Each structure stands twice: as structure tokens, then as C-alpha cells.
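Structural overview for review
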Amino acid sequence: MKQFSLNLFSFNVMLPFKIHSPETELHLPAWEKKHVKVTLKRDDFIHPFISGNKWRKLKYNLAEAIRLQKNHLVTFGGAWSNHLLATACAGASFKFRTTAFVRGEEAVNNPVLAMCRLFGMQLIYVDRESYRNKENLYERYFGQDPTTFCIHEGGYGTLGAKGCAELVDELQQEYQHIFTACGTGTTLAGIANAIDKRGALTRVHGIPVLKNGGFIQAEVDQLYPNITAPILHLNYHFGGYAKATADLLSFVQNFVTTTGILIEPTYTGKLLYAVDDLIKNDYFTPADKILVVHTGGLTGILGMYERFNFIDVHQ
């Protein structure tokens, strides 16, 4: 067990975490023909492992853990979870112990979980049935441990949404549309709440990456019951979470090769595919300014790389 004193640091000293997330305009011929302007919010630049919305969702959870004098973060995720990796790295960086309940009956090893272990995270593998009752799992293992602080799967919750809302304050211009991928709805809720508070006319859009993603609206409502409902586009899940088709993989390869910006098929690939499809089908008004949030999580491509059928796109 790591030994340290919470008296050695405060939140302001401990987290001088400088955000670097520029707005980069994308110039793709098919989009420019439609006379729309697409800008990418580069949250993938924030940190290589505590990247994108992962940092935003952790920020105020870490602050709350410190306020409560907790030194052990406990969270949940799948075997390729970027949230687990971000939490593990944040723990090592900011002097927390970390433990994760990993969904899956058997102990597995992959590059993401190996990195979690390198950052000092303890992994507890649980079967899928037990995993469904996360509160029971936490209570069984840590209910009597006063040092632990529970972070929901994917950083879901008002603390996570509060961090995501700060993205809106960073924007250098006004947009007619803001798009983000959705897993738990936390990022979407935070952005939508911030836009509502501003009284802006920007429409906020979510691309659920899970099948039957309409449940995301209920998750947003639970966090902020009275905000303007974001627009959910439900037809870009490609079969469900962490599933992909040849069409999606081809789009990801072409986008990366054309722009030099890395995306992956689980979140950012589906997000940008959706935006591309909506542009080509005249969803937007000419001269619309569209912001797409790059939510990071690029290590997710490690679980998919064998599925790419690489072709020479320059031929």
C-alpha cells in the first residue's frame, strides 16, 4: 500500500493541470462543397492517458475525494475501458490508490489493462451478472473502508458533468451545432447544461455508441431535469458498443489518412461518421458552424486494430 499524507497537498497545488484543447478547423472537400464549417475540439491533446472527457469527468471527482480526505479511488469498467486507464493514471499522478471492478468472468490481459497495472491499479474481475449491481459490489468489498471514494462507471454523475460543462467556456467562437459521442450521457449533459445557462441558440447533439441509445436522454434528465433536450441520433451505433462494420473502419482509416488526426471506431469514429453522413444528406444549413468534440480515448483503437483491412487510399 502506498503511504502518504493528505496534508502534503491541497487540490490547487495537487492539480495544476493545464488544459490544452485547441479548436482545429477541418477541411474535407465533401464538407466544403456543402458550405458548412466543421471544427474539432481537440480534447485528445489534454493528456495521453487522462485524455479528453476522461479528464473533465475525473476533475471534480478528484477534488471531492480530497475534500472528504479519501485516498483510494474505486471505479468500474470493461476490459478496454479508457476510463479505467485514465483513473489509474490520475491515481499515480495525484497520489491516490486505485482499484477497478472489471466486467468479465475471467482475468484477462490486454494493453489497456496492462497499463492500468503499470500505474498501480488493482483489478478485481467480476462476472457480468454481479457487475450489474455495482452498488452491491462496492458495499461488499469497500463498504467498511473509510478511505475509499467511489467513481461511477465512465465518470457518470453531476461531478463529471460539471467538468464537461467547462468545455463551453473555452470556446473561441459561437457554433450553431455541437456534437459529441455518448456512452453514459455525462459529457452531453454537461455541455447541454452549459449552453442552456448561456442562453445560446446552439443545438447540442449526441451520437450514442450503444444500440438502443435512447436511454441516454433519461440519463441526461437525471442529471439536469429542466434543460433543453439534446438531439440524439440513434442510427450510428454500428451494431452496439465496441462493434464496427467494414464501412465504419474504412471511414476511420480514410479520415486518419486524410487529416492526420487519430480517431478510433468505438467513440470518435462513430461520431465523425455521423457528422459526415448528416452533412452529405443536407441536414445542416449552408454557412452553419459545427463543433465536433474529440473526446480522446485513443488507446481504444488497440482492441480493434486487427479488424482493419488496410488499403492504399492514395491509389
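Residues numbered from 1 in each chain as written. Predicted model: local features only at pLDDT ≥ 70, side-chain atom pairs only at ≥ 80, totals over all residues. Heavy atoms only, no water.

**Observations concerning the sheet that holds strand β4 (residues 97-103)**
Put simply, the rule is: For two strands to be treated as a pair, DSSP must find at least two bridges joining them. Helix and strand assignments come from DSSP, with helices taken as H or I runs of at least 4 residues and strands as E runs of at least 2, each series counted from the N terminus. Between the N-to-C directions of two axes lies an angle of 0 to 180 degrees, each axis being a line fitted to C-alpha atoms and, for a helix, fitted only over the stretch in contact. Any pair of residues with heavy atoms lying within 4.5 Å of one another is described as a contacting pair.
With parallel pairing, the 4 strands of this open sheet are ordered in space as β5-β4-β3-β6. With one partner strand each, in any of the chains shown, β5 (122-126) and β6 (148-150) form the two edges of the open sheet. Here the average twist between neighbouring strands, direction ignored, is 25°. In the sheet, β4 pairs with β5 via 5 bridges, with the strands oriented parallel. If you follow V102 over to β5, its bridge partner there is Y125. Sitting on the sheet, helix α5 (residues 111-118) touches β4 and β5, and the angle it makes with β5 is about 135°.

**As for the packing of aromatic side chains**
Both the distance between ring centres and the angle between the ring planes are used here to describe each pair of aromatic rings. The condition that has to hold: Here a pair means two rings of Phe, Tyr or Trp (six-membered ring of Trp) with centres within 6.5 Å. Their orientation is stacked below 30 degrees between planes, edge-to-face above 60, and tilted elsewhere. Comment: the charge-over-ring label is applied if NZ (Lys) or CZ (Arg) is within 6 Å of the ring centre and within 35 degrees of the ring normal.
In the structure shown here, the tally under the stated rule is 15 aromatic pairs. Geometrically, the ring pair formed by F49 and F119 is edge-to-face, given 5.6 Å between the ring centres and 65° between the ring planes. With F49 in the loop between β2 (37-42) and α3 (52-67) and F119 in the loop between α5 and β5, this pair connects stretches of sequence that are 70 residues apart. Connected via pairs of aromatic rings, a cluster forms that spans F76, F101, Y131, Y138, Y141 and F142. The ring centre of Y131 lies 5.3 Å from the NZ or CZ of R103, which sits over that ring. Stacked on the ring of Y60, the Lys or Arg K162 has its end atom at 4.3 Å from the ring centre.

**Looking at the confidence of the model for the chain**
Fine structural detail should not be taken from predicted coordinates in areas where pLDDT scores are low. The line we're drawing: The quantity called pLDDT is the predictor's confidence in a given residue, expressed from 0 to 100.
Overall, the prediction assigns the chain a mean pLDDT of 91, with 93% of residues at 70 or greater. Here residues 1-13 scores under 50 on pLDDT; set against residues more than four positions off or in separate chains, the count is 18 contacts.

**Re the packing of helix α11 (residues 246-259) against helix α12 (residues 268-280)**
Between two packed helices, what matters for the description is the angle formed by their axes and the separation of those axes. Put simply, the rule reads: Between 65 and 115 degrees an angle is taken as roughly perpendicular, under 35 as roughly parallel, over 145 as roughly antiparallel, and anywhere else as oblique. Residue polarity is assigned by list, with Asp, Glu, Lys and Arg as charged and Ala, Val, Leu, Ile, Met, Phe, Trp, Tyr, Cys and Pro as nonpolar; anything else, Gly included, falls into the polar class.
Packing of α11 against α12 leaves a shortest axis separation of 10 Å and a crossing angle of 90°. In terms of orientation, α11 and α12 fall into the roughly perpendicular class. In contact with D247, L248, F251, V252 and F255 of α11, α12 contributes G269, K270, L272, Y273 and D276. Within the contact of α11 with α12, the residues separate by chemical class into 6 nonpolar, 1 polar and 3 charged.

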